[in-house]
Amino acid sequence: MAGKYFQKPGPELADRVPPGQHLAKGFPVLTYGDTPQVNQADWSLTITGLAAPKTFTWEEIMALPQTDFTADFHCVTTWSKLDVTWRGIRVTDLMPQLEVDAAATHVMLHCYGGYTTNLALDDFARPENFFAHTLDGEPLPPDHGGPMRLVVPHLYAWKSAKWINGIEFLAKPALGFWERNGYHHRGEPWAEERYSS
Ligand SMILES: Nc1nc2c(c(=O)[nH]1)N[C@H]1C(S)=C(S)[C@@H](COP(=O)(O)O)O[C@H]1N2
Ligand SMILES: [Mo]
C-alpha cells in the first residue's frame, strides 16, 4: 500500500530528500483535530508578548510585498514533497512593521483551533520563511491552512503553522503542542531532529 503513495528518492534527489524521508505523491493533509473554518474577513494576526501589541487584518497583511516561493516540505512522519509552489509574504517583510523588544529570543506561533508551535527567533525571522495564502496558483485550501499559514522550509513541517493567527515574542524557549508531546524542540530534517530525548 505504501508503494502506491510514496516512492524512494532516486540518487539524483539524494541532496534534496533528508535521511529517512520518502517522496509523497500528491500533497497529504496532516492536521491534529478538526479543520477550522476561517474566512478572510474574519482572519487576523495578533502580535503579543515582547513586542508592541498589534493586530493585522487580512487587507493589512495583503498590502505587504507579495512573493512567489518554491520550497520543499518535510513532514516528520517521513513524507516529503519537493518544489511546492506558494505565494505569500516573507516573514522578513513583516518584521519591519513590528516593534520587537531587544530581549526577545523566541516565538510561539498561535493558530485558530488552538495549535501552537515554537521557534527560535533566528529560525523564524528568515527571508525563506513566509505567510502563505496561495498554493499552486489557487487560494490556499482550508485543509492546508487557508486562508493563511506559515511555511518554514528548513524545519520539519509541524513548524509550518496552519491557520496562523498569532505571534508571541518570548525571552526564553517555550514548547508548543507537538514539542510538549515528545517532538524535538527545533526539528531540523537533515539532522533528523524528530524527537526530544
Ligand atoms: N494549526 C495547525 N498547523 C499545523 C498542523 C496542525 O495540526 N494544526 N500540523 C502540522 C504538521 S504535523 C504538518 S506535517 C503540516 C502539514 O501541512 P499540510 O496539511 O498542508 O500538508 O502542518 C503543520 N501545521
Ligand atoms: Mo507533520
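Our structure's up above, just so we're on the same page.
Since this is a predicted model, take the numbers as computed values, not measurements.

Draft legend 1. Summary view of the site of ligand 1. Around ligand 1 sit 20 residues, and of these Pro-28, Tyr-32, His-144, Arg-149 and Lys-162 come closest. At 3.0 Å from a nitrogen atom of ligand 1 is found a main-chain nitrogen or oxygen belonging to Ser-160. Contact with the protein chains removes 98% of the 530 Å² of surface that ligand 1 exposes when unbound.

Draft legend 2. Representation of the pattern of salt bridges within the structure. Enumeration according to the criterion identifies eight salt bridges in this entry. Between Arg-126 and Glu-128 there is a salt bridge; the shortest N-O distance is 3.5 Å. With a shortest N-O distance of 2.6 Å, Lys-159 and Glu-179 are connected by a salt bridge. With Lys-159 in the loop between β11 (149-151) and β12 (164-170) and Glu-179 in helix α5 (residues 177-180), the pair connects residues that are 20 residues apart, well separated along the chain. For Lys-159, a relative accessible area of 0% gives the class buried. Each of Asp-123, Arg-126, Glu-128 and Arg-186 takes part in a single network of salt bridges with overlapping partners.

Draft legend 3. Molecular detail of the environment of Phe-69. As for its placement among the helices and strands, Phe-69 is situated in strand β5 (residues 67-74). Classification of Phe-69 as buried rests on a relative accessible area of 9%. With 60 residues separating them in the primary sequence, Phe-69 and Asn-129 have C-alpha atoms 9.3 Å apart.

Draft legend 4. Quick look at the packing of aromatic side chains. Throughout the structure, instances matching the rule amount to 16 aromatic pairs. Residues Phe-69 and Phe-130 carry aromatic rings whose centres are separated by 3.9 Å and whose planes lie at 10 degrees to one another, so their mutual orientation is stacked. Placement of Phe-69 in strand β5 and of Phe-130 in strand β9 (residues 130-135) is noted, with a sequence separation of 61 residues between them. In terms of burial, Phe-69 and Phe-130 fall into one category: buried.

Draft legend 5. Layout of the nonpolar core. In this structure, Phe-124, Phe-131, Ile-167 and Phe-169 are the most contacted members of the largest nonpolar core, which totals 36 residues. Within the residue set of this core, elements represented by two or more residues are β3 (44-49), α2 (58-62), α3 (91-94), β7 (106-111), α4 (121-124) and β12. Sequence-distant contacts of Phe-124, defined by excluding residues within four places in its chain, comprise Val-91, Met-95, Val-107, Leu-109, Leu-119, Asn-129, Phe-131, Leu-150 and Ile-167.

Draft legend 6. Focus on the side chain of Thr-117. Of note, Thr-117 is situated in strand β8 (residues 116-120). Residue Thr-117 is classed as buried on the basis of its relative accessible area, which comes to 0%. Side-chain polar atoms of Thr-117 contact the side chain of Glu-179, separated by 2.6 Å. In this view, Thr-117 contacts Val-107, Met-108, Leu-109, Trp-158, Lys-159, Ala-161, Gly-176 and Glu-179; residues no more than four positions away in its chain are not counted.

Draft legend 7. Structural view of the state of the cysteines. Taken as a whole and judged by the stated rule, the model has zero disulfides. Cys-111 forms no disulfide, and the closest cysteine sulfur to it belongs to Cys-75, at a distance of 15 Å.

Draft legend 8. Spotlight on the sheet that holds β8. Across the sheet, which stays open at both edges, the five strands sit in the order β4-β3-β12-β7-β8 with mixed pairing between neighbours. Of all strands in the sheet, those with a lone pairing partner are β4 (54-57) and β8, marking the two edges. On average, each strand axis in the sheet is inclined to that of its neighbour by 20 degrees, with strand direction left out of account. When β7 meets β8, the two strands line up antiparallel, connected through five bridges. Within β8, the residue paired with His-106 across the bridge is Ala-120.

Draft legend 9. Layout of the environment of Arg-87. Residue placement: Arg-87 occurs in strand β6 (residues 79-90). You can call Arg-87 partly exposed: its relative accessible area is 30%. Spatially, the C-alpha atom of Arg-87 lies 5.9 Å from that of Phe-69, the residues being 18 residues apart in sequence. Those residues in contact with Arg-87, other than ones at most four positions away along the chain, are Gln-66, Thr-67, Asp-68, Phe-131, Ala-132, His-133 and Thr-134. A polar side-chain atom of Arg-87 sits 3.0 Å from a polar atom in the side chain of Asp-68.

Definitions and limits used
- Residues numbered from 1 in each chain as written.
- Chains lettered and ligands numbered in written order.
- Predicted model: local features only at pLDDT ≥ 70, side-chain atom pairs only at ≥ 80, totals over all residues.
- Heavy atoms only, no water.
- Near = heavy atom within 4 Å.
- Polar contact = N/O pair within 3.5 Å; in protein donor to acceptor, adjacent residues only side chain to side chain.
- Areas by Shrake-Rupley, 256 points an atom, 1.4 Å probe, with all protein chains shown as cover.
- Salt bridge = Lys/Arg side-chain N within 4 Å of Asp/Glu carboxyl O.
- Helix = DSSP H or I, 4+ residues; strand = E, 2+ residues; numbered from the N terminus.
- Buried < 20%, exposed > 50% of the residue type's maximum accessible area, 1.4 Å probe, protein only.
- Phe/Tyr/Trp six-rings, centres within 6.5 Å; stacked < 30°, edge-to-face > 60°.
- Core = buried A, V, L, I, M, F, W, Y, C linked by side-chain atoms within 4.5 Å.
- Contact = heavy atoms within 4.5 Å.
- Disulfide = S-S within 2.5 Å.
- Pairing = 2+ DSSP bridges.
- Axes fitted to C-alpha atoms, helices over the stretch in contact; angles between N-to-C directions.

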